[in-house]
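For reference, the chains in residue letters:
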Amino acid sequence: MLDSLTYAGVPCTYVLLSQLVPILQRADLILLGASALHSDGSLYSRSGTALVATLAKEHRIPVVACVETYKFGERVILDGLASNELGDADALLSLPANKALGVQKPLGSSLTPLSLMYDLTPPSLITAVCTEVS
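Please read these numbers as outputs of a predicted model, since none were measured by experiment.

Rules and cut-offs
Residues numbered from 1 in each chain as written. Predicted model: local features only at pLDDT ≥ 70, side-chain atom pairs only at ≥ 80, totals over all residues. Heavy atoms only, no water. Helix = DSSP H or I, 4+ residues; strand = E, 2+ residues; numbered from the N terminus. Contact = heavy atoms within 4.5 Å. Buried < 20%, exposed > 50% of the residue type's maximum accessible area, 1.4 Å probe, protein only. Pairing = 2+ DSSP bridges. Patch = residues over 30% accessible without salt bridge, like charges linked within 9 Å, V, L, I, M, F, W, Y side chains within 5 Å. Areas by Shrake-Rupley, 256 points an atom, 1.4 Å probe, with all protein chains shown as cover. Salt bridge = Lys/Arg side-chain N within 4 Å of Asp/Glu carboxyl O. Core = buried A, V, L, I, M, F, W, Y, C linked by side-chain atoms within 4.5 Å. Axes fitted to C-alpha atoms, helices over the stretch in contact; angles between N-to-C directions.

Novice: In this structure, what is going on with the environment of G73? I would like to understand it.
Specialist: Counting through the fold element by element, G73 comes out in the loop between β4 (63-66) and α4 (89-93). For the pair G73 and H38, spaced 35 residues apart in sequence, the C-alpha to C-alpha distance is 4.9 Å. Beyond its immediate stretch of four places on either side in the chain, G73 contacts L37, H38 and S39.

Below, the structure is given as structure tokens:
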């Protein structure tokens, strides 16, 4: 989406979540992609989407969910855990930044890292929905 928008002449910035707050001061609009839009208006998308929408609302920046109509669903999900997918937690621990910080998987511990792939953004954080249908 970033490539398409920049090619069309729309100025865009792509940042890591840790750098989001300083960038939000310059933002006019937040565009979010989605994996699904449920019948209650909640947005099911990659992890971090709900955090971006929450911060945007705090900064009074409109949030537009860009969702193709075939991704509209009749389901209602009450939390982001019930039908989520797990990512590779070991891959997260092997990131260069984590190695530099000395983060390691605890050996002999009963704790297991959890890497959820998706989160659920409540409809109260979405200003508008944009689709391919006019």
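Novice: Honestly, helix α3 (residues 49-58) in this entry has me stumped. Any pointers?
Specialist: Every α-helical turn comprises 3.6 residues, leaving residues that sit three or four positions apart pointing alike. For α3, the complete set of buried residues consists of T49, A50, V52, A53, L55 and A56. The inward-facing, buried residues of α3 contact α2 (20-24), β1 (30-33), β3 (43-46), β4 and β5 (118-121). One or two steps after α3, the chain reaches R60, where phi turns positive at roughly 60 degrees.

Novice: Can you walk me through unusual backbone geometry in this structure?
Specialist: Excluding glycine, a negative phi dihedral is what most residues carry, and trans is how most peptide bonds are arranged. The phi dihedral of R60 falls on the positive side, at around 60 degrees, and the residue is not glycine. R60 sits in the exposed class, given a relative accessible area of 76%.

Novice: What is the right way to look at the sheet that holds strand β2 (residues 36-37) in this model?
Specialist: In any sheet, the strands associate via hydrogen bonds between backbone groups, in a parallel or an antiparallel arrangement. Sheet architecture is open: three strands sit in the order β2-β3-β5, paired in antiparallel fashion. Strands with a single pairing partner mark the edges of an open sheet, and in this sheet they are β2 and β5. The sheet contact formed by β3 and β5 spans four bridges and is antiparallel. Looking at the pairing, Y44 lines up with L120 of β5.

Novice: Any chance you could explain a nonpolar patch on the surface here in plain terms?
Specialist: Residues M1, L29 and L31 make up a contiguous nonpolar surface patch of roughly 270 Å² in combined accessible area. Looking at the element boundaries, L31 is found in strand β1. Here L31 falls in the partly exposed class, since its relative accessible area comes to 32%.

Novice: I tried to follow the nonpolar core on my own but got confused; where do I start?
Specialist: Within soluble globular proteins, side chains that are nonpolar tend to cluster in buried spots. L24, I30, L32, L43, V63 and V67 are the most contacted members of the largest nonpolar core, which has 17 residues in total. If you list the elements that add at least two residues to this core, you get α2, β1, α3 and β4. Sorting elements by how many residues they give to this core places α3 first, with four residues. Look past the residues within four positions of V67 in its chain and what remains in contact with it is A34, L37, L43, F72, C130, T131 and E132.

Novice: Is there a simple way to think about the sheet that holds β4 in this case?
Specialist: The sheet built from three strands is open, its strands ordered β1-β4-β6 with parallel pairing. One side of each edge strand has no neighbouring strand; the edge strands of this open sheet are β1 and β6 (128-130). Looking at each pair of strands side by side, their axes are set apart by 30 degrees on average, direction ignored. Bridge count for β1 against β4 is four bridges, and the pairing is parallel. Pairing of I30 across the sheet is with V63, part of β4. Lying over the sheet, α3 contacts β1 and β4, oriented at roughly 160 degrees with respect to β1.

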